[in-house]
Amino acid sequence: MKNFVKYLLVWVSQNLSIPFWMVGHVHLSMNVYADIHEILMSFGMNIIVAVGFIIDYKEQRKNKM
């Protein structure tokens with residue numbers, strides 16, 4: 001199960017990072033973040049992408065050594 005979660009995080013970070021950021025930036029430019037729910041969702045998506053990138057980076061470094 002742990003390997004699946006790691007794989008899922010890396011997959012999401014590699015395949016959905018641009019859509020997450022595009023939606024976030026467009027949303028930021030069109031709306032005022034007055035709702036805490038919107039702020040938490042945006043923050044959560046960016047955290048998922050960051051964690052996936054970190055996991056993939058560590059795995060790539062391990063494979064090259």
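See above for the structure.
Residues numbered from 1 in each chain as written. Predicted model: local features only at pLDDT ≥ 70, side-chain atom pairs only at ≥ 80, totals over all residues. Heavy atoms only, no water.

A. Highlighting helix α3 (residues 36-64). Compared with the 42 Å implied by 1.5 Å per residue over 29 residues, the 42 Å span of α3 between its first and last C-alpha is a close match. All of the buried residues along α3 are Ser42, Val49, Gly52, Ile55 and Asp56. (Helix = DSSP H or I, 4+ residues; strand = E, 2+ residues; numbered from the N terminus. Expected span 1.5 Å × (residues − 1). Buried < 20%, exposed > 50% of the residue type's maximum accessible area, 1.4 Å probe, protein only.)

B. Region of interest: the side chain of Asp56. For Asp56, the position within the fold is in helix α3. For Asp56, a relative accessible area of 17% puts it in the buried group. When neighbours within four sequence positions are excluded, Asp56 is seen to be in contact with Val10 and Gln14. (Contact = heavy atoms within 4.5 Å.)

C. Broad picture of the packing of helix α1 (residues 2-15) against α3. Between α1 and α3, the shortest axis-to-axis distance is 7 Å and the interhelical angle comes to 110°. Here α1 lies roughly perpendicular to α3, going by the angle between them. Both α1 and α3 take part in a crossing whose hand is left-handed. In this structure, α1 contributes Lys6, Leu9, Val10, Val12, Ser13 and Gln14 to the contact, and α3 contributes Ile48, Val49, Val51, Gly52, Phe53, Ile55, Asp56 and Glu59. (Axes fitted to C-alpha atoms, helices over the stretch in contact; angles between N-to-C directions. Parallel < 35°, antiparallel > 145°, perpendicular 65-115°, else oblique. Left-handed = near helix turned anticlockwise from the far one by under 90°.)

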